[in-house]
Each structure stands twice: as structure tokens, then as C-alpha cells.
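Structure assessment
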Amino acid sequence: MHTDVNALFAALWQDYIEMTPSAAKVHKLLGKGEAIINDHIALRTFNLAKVNLEVLAAHFEALGYVACADYNFDKKKLRAKHFEHPDSTQPKVFISELLVEEFSPQLQVIVKDMVEQVDAAATKAENFLYSGRHWKLDFVTYEKLLAESEYAAWVAAFGYRANHFTVSINHLPGYTSILEVNDTLKQGDFVLNAVGGEVKGSPAELLEQSSTMADRIAVTFDDKTVELPSCFYEFALRYPKADGELYTGFVAASADKIFESTNVN
Ligand code: OOG
Ligand code: NI
């Protein structure tokens, strides 16, 4: 595990921009060369004991992060938690996990077989959160997962790494609304996730979010190489609660749509 939170995020970012060529371009377009404050990052996994949400979370908890809220996504068969650092300038962390036992026997067998190939020690290693795939995977198996769950197929193909980084619009010089950010992105030819509308959430929910559709990159399976949606960039604008402090949670109905930024179909 990392002992320095900045080193962990630097390593996650390095892996993320390799998976997401457009991220560096978005960064340049919105940040104009200046540093950008991240609202949060997100990670995905399966709820099997060796690799579950808690196993990923331990890497952040060792750095002082604390679990703050739980979220359920019944239709997608996912659960999630978000974590915050005592230093509120550090990104929040959103970790979700697939409820494997709620899927078909076929999916359960495939996922259990993949997770069996993970070395338990590797899950505690410094690089685990950006270590990618730990299992053999052929394209037909990937397609079987995809038929049941976009999320399962994404984790199978990409493994452990940041699924997205999120620009904090609150800290982005020159922008006061999410519509301005979305307009700049569209003028830069980036494609936004339009599921349920380009803007997810509202001032009343204290959080507005938008995201690009994931880049497509070549993924090497055991038997062939195929272009698939990798990772995306998200944008978040938070509003103050009654006490004047910015809301720090997530909005399940919005998150449900953000997940679809990596959809293949
Ligand atoms: C997480 C989707 C939810 C948010 O900010 O609500 C999310 C994912 O796609 O893994 O990131
Ligand atoms: Ni997010």
C-alpha cells in the first residue's frame, strides 16, 4: 500500500491517462495548463472476498480516508460507498462492487474463476489500484459477461485502475456553471454521456454532474485484440448545504447514469 496520498493519486492518474488519451486534452482545454482540482475518482470491482470493495478501500483507509455513505443500484446489481479524506482538498473516492451472486450461474462461474487467478498478496501491493487485469480472458468469455452486465465486462477487460477522474468545477477558474463546461467540451468535439440528459442532478440535489463517453482503446484478449470503451472524464459542481458547507455526497440516481459512460452498446 502507498504511504503517501499524493503518490497514490499521481500513479492512478498516470495509468488513467494511458487508458484515456482524451483526458490530457480535456485537462488542457479546461485547465489551460493550470493544475485542476479533482472532485473524486471512481474504482470498480466484484464483491468476492479477495477483491471486494473493502479490499480496495483498505488502500485509501491506510491513508486516512473514511467511509461516508452507501449507495445501492438494484437494477445494475451494484453497491457502492464513498470515502473522504480529512484534508478536503484531497479527492473523494467512489468505490462500487458487482453483486456477483445475483447473476446467472454462468456469470458467477466466470467471475469466480477470474478472481481465483488473483494472487491475494497482489491485492495489498502498493500498485494494486492501478495494476489492471489479473486473469486470463478470451473474447467469447468477455461477450458472455457483456450480455448480462456492462459493468462485469468492463471490470473483466480492464481490471483494477481508476475508471474516471472528475474535474471539480467549483475549483475550475473561468467556469461557474456545468452548462459552460459542457459547451466548451462539445466545442472541443468531445462526446458527452447523454443518458437521462447531459446534466445529471440539480442544484436541489446539491450536485450536478456530466461526463464524456469513454475513450475506445485496443484491449488484448487471449485470442484477439478488440477496441473497447476504457475510461472517461467526469465534471462535478457541488452546492452548499444549509450550513454553508458544500455537499460532499453522491446522488444515486445520477451515479446510475454515470456508470453508462463505459457502455459498449
Ligand atoms: C461510477 C459511477 C458513479 C458518480 O460520480 O456518481 C459516479 C462508475 O462509473 O464506476 O462516478
Ligand atoms: Ni464519478
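Here is what the cut-offs are and how they apply
- Residues numbered from 1 in each chain as written.
- Chains lettered and ligands numbered in written order.
- Predicted model: local features only at pLDDT ≥ 70, side-chain atom pairs only at ≥ 80, totals over all residues.
- Heavy atoms only, no water.
- UniProt positions renumbered as here; feature names shortened; annotations may be inferred.
- Near = heavy atom within 4 Å.
- Polar contact = N/O pair within 3.5 Å; in protein donor to acceptor, adjacent residues only side chain to side chain.
- Areas by Shrake-Rupley, 256 points an atom, 1.4 Å probe, with all protein chains shown as cover.
- Nonpolar A, V, L, I, M, F, W, Y, C, P; charged D, E, K, R; others polar.
- Pairing = 2+ DSSP bridges.
- Helix = DSSP H or I, 4+ residues; strand = E, 2+ residues; numbered from the N terminus.
- Axes fitted to C-alpha atoms, helices over the stretch in contact; angles between N-to-C directions.
- Contact = heavy atoms within 4.5 Å.
- Parallel < 35°, antiparallel > 145°, perpendicular 65-115°, else oblique.
- Buried < 20%, exposed > 50% of the residue type's maximum accessible area, 1.4 Å probe, protein only.
- Core = buried A, V, L, I, M, F, W, Y, C linked by side-chain atoms within 4.5 Å.
- Salt bridge = Lys/Arg side-chain N within 4 Å of Asp/Glu carboxyl O.

Per an unreviewed UniProt entry, the protein is named 2-oxoadipate dioxygenase/decarboxylase, and its organism is Shewanella amazonensis. Taken from UniProt, the Cofactor (unreviewed entry) comment for the protein reads in full: "Fe(2+)". Heading Sequence similarities (unreviewed entry) of the UniProt record for the protein holds this comment: "Belongs to the 2-oxoadipate dioxygenase/decarboxylase family."

Let us look at the site of ligand 1. Surveying the vicinity of ligand 1 reveals the residues His40, Arg44, Phe94, Asn163, His164, Gln209, Phe232, Glu234, Phe250, Ala255, Ile258 and Phe259. A distance of 2.9 Å separates an oxygen atom of ligand 1 from a polar side-chain atom of His40. Within the side chain of Asn163, one N or O atom sits 3.5 Å away from an oxygen atom of ligand 1. Coverage of ligand 1 by the protein amounts to 100% of the 310 Å² it exposes when considered alone. Of the residues in the shell around ligand 1, the class split is six nonpolar, four polar and two charged.

Pairing is mixed in the open sheet, where eight strands are placed in the order β2-β3-β4-β1-β5-β10-β7-β6. At either end of the open sheet lies a strand with only one pairing partner, and these are β2 (66-73) and β6 (200-202). Strand-to-strand twist across the sheet, computed as the mean angle between neighbouring axes with direction ignored, equals 20°. Sheet analysis places strand β1 (residues 38-46) next to strand β5 (residues 164-168), joined by four bridges and oriented antiparallel. Counterpart to Asn38 in the pairing with β5 is Val167. Against the sheet, helix α1 (residues 5-19) touches β1, β4 (92-98), β5 and β10 (232-238), its axis set at about 110° to β5. Helix α6 (residues 150-158) contacts β1, β3 (78-84) and β4 of the sheet and is inclined by roughly 90° relative to β1.

A few words now on the packing of α1 against helix α2 (residues 21-31). One can describe the packing of α1 onto α2 by two numbers: an axis separation of 4 Å at closest approach and a directional angle of 110°. Taken together, the axes of α1 and α2 lie roughly perpendicular to each other. Taken together, the residues of α2 that come into contact with α1 (itself represented by Trp13, Tyr16, Ile17, Glu18 and Met19) are Pro21, Ala23, Ala24 and His27. Broken down by class, the residue content of the contact of α1 with α2 amounts to seven nonpolar, one polar and one charged.

Attention now moves to the side chain of Ser22. Mapped onto the elements of the fold, Ser22 is located in helix α2. By relative accessible area, which is 11% here, Ser22 ends up buried. Once you skip the residues sitting within four places of it in the chain, Ser22 turns out to touch Phe190 and Asp215.

Summarising the sheet, strand β8 (residues 216-220) and strand β9 (residues 225-229) pair through five bridges and their orientation is antiparallel. The residue of β9 that forms the bridge with Ala218 is Glu227.

This next bit is on the nonpolar core. Note that soluble globular proteins tend to have their nonpolar side chains buried in a common cluster. Formed by 81 residues in total, the largest nonpolar core has its most connected members in Leu12, Leu30, Phe46 and Phe60. If one sorts the elements of this core by residue count, α6 sits on top with eight residues. Residues contacting Leu12, with those up to four places away along its chain left out, are Ile41, Phe60, Leu129, Tyr130, Ala162 and Phe165.

Using the criterion set out here, one finds nine salt bridges in the structure. Glu260 is paired through a salt bridge with Lys76; the nearest N and O atoms lie 2.8 Å apart. Taken together, the positions of Glu260 in the segment after α8 (252-258) and Lys76 in the loop between β2 and β3 put the pair 184 residues apart, joining distant regions of the chain. With relative accessibility at 21%, the residue Glu260 sits in the partly exposed group. Linked by salt bridges that have partners in common, Glu54, Arg79, Lys81 and Glu97 make up one network.

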